[in-house]
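Summary of the model geometry
What follows is each chain in one-letter form.
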Amino acid sequence: MTTPLAVGAHVAQDDPIAEAIARQTTLVQFFLGDPQGYKGPEIRYAGGAEALRAAAEEAGVDLYVHAPYIVNVATTNNRIRIPSRKLLQQHMDAAAEIGAKGLIVHGGHVNKSDDPAVGFDNWRKAIDATDLKIPLLVENTAGGDNAMARHLDRIAGVWDAISSADGSDRVGFCLDTCHAWAGGIELGDAVEKVRAITGRIDLVHANDSRDGFGSGADRHANFGQGHLPADEFAAVVREAGAPVVCETPGGAAEHLADFAWLREHL
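Residue numbers restart at each chain and count upward from 1, following the sequence in its written direction. For a predicted model such as this one, the threshold for reporting local features is a pLDDT of at least 70, and the threshold for listing and counting side-chain atom pairs is 80 or more; totals across whole chains, interfaces and linings nevertheless cover every residue. Here the side-chain values reflect all heavy atoms present in the structure, with hydrogen atoms and water set aside.

Here we look at the overall build of the chain
By definition, any uninterrupted DSSP run of H or I lasting at least four residues is a helix, any uninterrupted run of E lasting at least two residues is a strand, and each is numbered from the N terminus. A count of helices and strands for the chain gives 9 helices and 10 strands. With respect to the principal axes defined by its C-alpha atoms, the chain has extents near 45 × 45 × 30 Å. For the chain, with 266 residues in total, the buried portion stands at 53%. The contact rule is simple, with two residues in contact once any of their heavy atoms fall within 4.5 Å. In the chain, of all internal contacts separated by at least 6 residues, the share reaching a separation of at least 24 is 75%. Each accessible area is a Shrake-Rupley result for a 1.4 Å probe, and residues are judged covered by the shown protein chains and nothing else. Approximately 11100 Å² of the chain is accessible, and the part contributed by carbon and sulfur atoms is 47%. Within this scheme the basic residues Lys and Arg register as positive and the acidic residues Asp and Glu register as negative, but His and the chain ends are omitted. A charge is said to be at NZ when it belongs to Lys, at CZ for Arg, at CG for Asp and at CD for Glu. Side chains of the chain carry 23 positive and 37 negative charges; the gap between the two charge centres is 6 Å. Accessibility here uses a 1.4 Å probe with only protein chains present; expressed as a share of the type maximum, an area under 20% marks a residue as buried, one over 50% as exposed, and anything in between as partly exposed.

Here you go:
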């Protein structure tokens, strides 16, 4: 590689710049508000959005925002889908306000009795309805037989559907290594297969997995302490060539150890 990959971590949202400095990195991801609530985004940084944007620019830190876990724009349940679209737009607006490089969102799911095609089309409608001020990065997920972004064929269905939506050029992909492993996607050719579907990988969530292949369990582990084969794990990160966010347990010390492990294996 001609340039080193940017490797950062998911951090607490109160002062992501201080968290970046503590990890000696120029890349952090965080939530804006409650990841399990519909209340809407909250800027907890002292001075608000404008101050956070200025501080990030001054420190040379790239910011990524993770949308709440509860966002599910694919579902046929109106009481979830409609608030999810609203919440997605609110977080898109807030992420843009702080100068974030992207907003990451999970693929969601449909009900067991639903035709997956309905979920795909709901994704298209969501992209049509959302003002994508910054890139929206759809992330593959680990579990659920009815998930929209666990298996490659479902990811392809989502991508085919949203390709006809206004703003589809601002939709990217976030590849999570733990989710891929737990979801049953072979790591050896994961990058190649994802790129064949999406044409791009914009961000990598680098996580080891506490559970076995195909387990469906979304439980992250620090690097070298889970079930991912080290060579395949490193190859995914290397071949993707995208910025890396570690969503592993612990604080700055643990993340620095993960960064060192990854760089040693790259």
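Now that the structure has been shown, the text picks up again.
Concerning the sheet that holds strand β5 (residues 136–139)
A pair of strands is labelled paired if DSSP reports no fewer than 2 bridges between them. Reading around the circumference, β1-β2-β3-β4-β5-β6-β7-β10 is the order of the 8 strands in this closed barrel, with parallel pairing throughout. Neighbour-to-neighbour, the strand axes of the sheet open up by a mean angle of 30°, direction not taken into account. Only C-alpha atoms enter the line fits that serve as axes; for helices the fit covers just the stretch in contact. Angles between N-to-C directions range over 0 to 180 degrees. Sheet strands in contact with helix α8 (residues 230–240) are β6 (171–176), β7 (203–206) and β10 (244–246), and its direction is about 165° off that of β7.

A word on the pattern of salt bridges
Definition used for salt bridges: Asp or Glu carboxyl oxygen within 4 Å of a side-chain nitrogen of Lys or Arg. In the structure shown here, the tally under the stated rule is 11 salt bridges. Its salt-bridge partner being Asp 145, residue Arg 150 comes within 4.0 Å of it at the nearest N-O pair. On the basis of relative accessible area, Asp 145 is assigned to the exposed category, the value being 63%. One network of salt bridges, in which partners are shared, links Asp 121, Arg 124, Lys 125 and Asp 128.

Description of the nonpolar core
Core analysis: the biggest nonpolar cluster contains 74 residues, and Phe 30, Leu 63, Ile 98, Trp 123, Leu 136 and Val 244 have the highest contact counts within it. Here this core takes 6 residues from helix α3 (residues 78–97), the largest share from any one element. Setting aside residues up to four positions removed in sequence, Leu 136 forms contacts with Leu 88, Met 92, Leu 103, Val 105, Trp 123, Ile 127, Arg 170, Val 171 and Gly 172. Nonpolar cores are built from buried Ala, Val, Leu, Ile, Met, Phe, Trp, Tyr and Cys residues. Side-chain atoms within 4.5 Å join them into one set. Tyr 64, Leu 137, Leu 203 and Val 245 belong to the second largest nonpolar core, which has 7 residues in total.

Quick word on the packing of helix α5 (residues 152–162) against helix α7 (residues 190–198)
One way to put it is that α5 packs onto α7 with a least axis distance of 9 Å and a crossing angle of 25°. Here α7 runs roughly parallel to α5, going by the angle between their axes. The two elements α5 and α7 cross, and the hand of that crossing is right-handed. Here Leu 152, Ile 155, Ala 156 and Trp 159 of α5 lie close against α7, whose contacting residues are Lys 193, Val 194, Ile 197 and Thr 198. Under this scheme an angle from 65 to 115 degrees is roughly perpendicular, one under 35 degrees roughly parallel, and one over 145 degrees roughly antiparallel; angles in between are oblique. The crossing is said to be left-handed when, going from far helix to near helix, the turn is anticlockwise and less than a right angle, and right-handed when the turn is clockwise.

A closer look at unusual backbone geometry
Phi at Gln 24 takes a positive value of approximately 55°, unusual for a residue other than glycine. Locating Gln 24 in the fold gives a position in the loop between α1 (16–22) and β2 (27–30). Exposure remark for Gln 24: the relative accessible area of 68% places this residue in the exposed category.

Observations concerning α7
Of the residues making up α7, those classed as buried are Ala 190, Val 191, Val 194 and Thr 198. For α7, the arc enclosing every buried residue in end-on projection is 90°, short of the 170-degree limit, so these residues lie on one face. Residues of α7 that are exposed and angled more than 90 degrees away from the buried face: Glu 192 and Ala 196. If you follow the buried residues of α7, they end up packed against α5, β6 and α8. Throughout, the arc means that of the directions going from the helix axis to the C-beta atoms.

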